[in-house]
Amino acid sequence: MTAQPGTSGSTGPVMPPAATPPGRPDDRSPRGADTGGSRRSAGSSALREGRAAWILAIPFCLLFLAFTAWPVIQSLFMSITDTRSRDLRKPFSVNIIGLDNFTKALSDPTFRKAAANTAYFVLVGMPLTLVVALAAAVALDKGITRFRAVFRLGFYMPVITSIVAVAVVWRFLLQDPGGLINTALGWFGITGPNWLGDPKWSMPALILMAAWRNFGTAMIIFLAGLQAVPAELHEAAAIDGASAWQRFRHITLPLLRPTLLFVMVTTAIGYLQFFEEPFVMTKGGPLNSTISLSYYTYQQFGFGNYGLASAMSYIIFVVIAIVTAIQFRLLRERT
């Protein structure tokens, strides 16, 4: 037999070259080189984007470190020292006293009174605010059909109103004698109390004002949650004979659990730090009946007891963290 062209004298049949598996480029082909180059190009592009992101974030990081992180660290150190206002000129002359400031704060009768007032304010004011906000949201979502934007603006207006203006209006409403509330009660033969001068009624008066002033924010959030509830579920339940209350209880409320959790957490955090109401209305009186943890801490800073005030601030922080964790535990199980 004669040799076939293209062979080195072999007499066997000519075998075709091995085929490259589909989807797997030959390493010797330019395609493989292009793949490696594209990978290097993607890596360099991601590196450039990361550098650009850090460059843009540097101003925020510097401001955060200077005005947030450093003051927090400094206040934490201050809470374990006997720092007073006279020590600001010689900050290195202060003495480290450990947890004495925390012990002193917890054993202070006024601090315990402020803690009780704050608990009272939260346990009564937060449910009242949420109930009023949810009722207003339901009314705007289903009940009110005309001038809805006007009502929404009116309900939200107290949130953006200055606390000074709110205080002036509520002082006129609550003053005794001659206040509008007591005058209205007198029409029905009821003698109204001295709302801001009686220790029994001063805190309920502040709670009423705070609920009126703050329910607008929760109302807007509840309204967004209500509008996200599918209407088909209500229609199907109505066909099955469910009443409006049954549909609200078994459909609306379960679907509002994430929204309710968010509103409860943010409202509780704000009410645990309530300061403006006693500051502008009662100055903590009468007889410390409206003094709050934040207001008492503010007073200690004003007295120059910086170490003690810093310890009180961290006690408030721990209380807020515990309350928030409890709320997440109770409401996040089925969300």
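Scroll up to find the structure this text is about.
To start, this report covers the structure provided alongside it. Keep in mind that this is a model prediction, so the values were computed, not measured. Throughout this document, residue positions are counted from 1 along each chain, in the order its sequence is written. Residue-level local features of this predicted model are given only where pLDDT is at least 70; pairs of side-chain atoms are given and counted only at 80 or more, and the full residue set underlies all totals for whole chains, interfaces and linings. Excluding hydrogens and water, the side-chain values take into account all heavy atoms of the structure.

## Quick word on the nonpolar core
Alright, step 1. Core analysis: the largest hydrophobic core is formed by 45 residues, its most contacted members being F121, L130, M219 and F222.
Alright, step 2. For helices the rule is a DSSP run of H or I covering at least 4 residues; for strands it is a run of E covering at least 2, with both sets numbered from the N terminus onward. Of all the secondary-structure elements, those providing two or more residues to this core are α2 (100-106), α3 (109-143), α7 (199-227), α10 (257-272), α12 (293-303) and α13 (306-331).
Alright, step 3. The greatest single-element share of this core, amounting to 11 residues, is contributed by α3.
Alright, step 4. When neighbours within four sequence positions are excluded, L130 is seen to be in contact with A218, F222, V263, M264 and T267.
Alright, step 5. In this text, buried Ala, Val, Leu, Ile, Met, Phe, Trp, Tyr and Cys residues form a nonpolar core when linked through side-chain atoms within 4.5 Å. Exposure categories follow from relative accessible area, calculated using a 1.4 Å probe and restricted to protein chains: below 20% of the type maximum is buried, above 50% is exposed, and the middle band is partly exposed. Judged by nonpolar contacts, the second largest core, of 12 residues, contains V166, A167, L196 and M209. Only heavy atoms matter for contacts: two residues are in contact if any of them lie within 4.5 Å across the pair.

## What about the packing of aromatic side chains?
Alright, step 1. Stacked, tilted and edge-to-face are the three classes applied to pairs of Phe, Tyr and Trp rings, where Trp contributes its six-membered ring and a pair requires centres within 6.5 Å; stacked means planes under 30 degrees apart, edge-to-face means over 60, and tilted covers the rest. Scanning the entire structure with this criterion turns up 15 aromatic pairs.
Alright, step 2. On the basis of an interplanar angle of 45 degrees and a centroid distance of 5.8 Å, the ring pair of F275 and Y295 is categorised as tilted. Separated by 20 residues along the polypeptide, F275 in the loop between α10 and α11 (276-281) and Y295 in helix α12 bring together distant segments of the chain.
Alright, step 3. By relative accessible area, F275 is classed as partly exposed at 23%.
Alright, step 4. When its relative accessible area of 5% is taken as the criterion, Y295 is described as buried.
Alright, step 5. Here the aromatic residues F275, F279, Y295 and Y298 are joined through ring pairs into a cluster of three or more.
Alright, step 6. Either the NZ atom of lysine or the CZ atom of arginine qualifies as a charge over a ring when it sits within 6 Å of the ring centre and within 35 degrees of the ring normal. Between K283 and the ring centre of F279, over which it is positioned, the NZ or CZ distance is 4.0 Å.

## Brief notes about the environment of K200
Alright, step 1. Relative to the elements of secondary structure, K200 occurs in helix α7.
Alright, step 2. Its relative accessible area of 69% is what places K200 among the exposed residues.
Alright, step 3. Sequence spacing of K200 and S289 is 89 residues, and the spatial spacing of their C-alpha atoms is 7.8 Å.

## Examining the layout of surface pockets
Alright, step 1. Roughly 300 Å³ of volume is contained in the largest pocket.
Alright, step 2. Each cavity reported here is a set of points on a 1 Å grid over the protein atoms alone in which a 1.4 Å probe fits but cannot get out, each pocket an open set with protein on both sides within 12 Å along at least five of seven lines, and each lining residue one with an atom within 4 Å of a point. V138, D141, K142, L226, Q227, V229, A231, H234, A244, R247, F248 and T252 together form the lining of the largest pocket.
Alright, step 3. Broken down by secondary-structure element, the contributors of at least two residues to the lining of the largest pocket are α3, α7, α8 (231-239) and α9 (244-255).
Alright, step 4. Considering each element in turn, the lining of the largest pocket owes the most residues, four residues, to α9.
Alright, step 5. When grouped by side-chain class, the residues that make up the lining of the largest pocket number six nonpolar, three polar and three charged.
Alright, step 6. As a volume, the second largest pocket reaches approximately 230 Å³.
Alright, step 7. Lining of the second largest pocket is provided by 17 residues; of these, N214, T266, T267, G270 and Y271 occupy positions nearest its centre.
Alright, step 8. Listed by contribution, the elements that provide at least two residues to the lining of the second largest pocket are α7, α10 and α11. Grid points are joined across faces, edges and corners, and a volume is the space filled by probe spheres set on the points. Gly counts as polar in this scheme, as do all residues outside two lists: the nonpolar Ala, Val, Leu, Ile, Met, Phe, Trp, Tyr, Cys and Pro, and the charged Asp, Glu, Lys and Arg.

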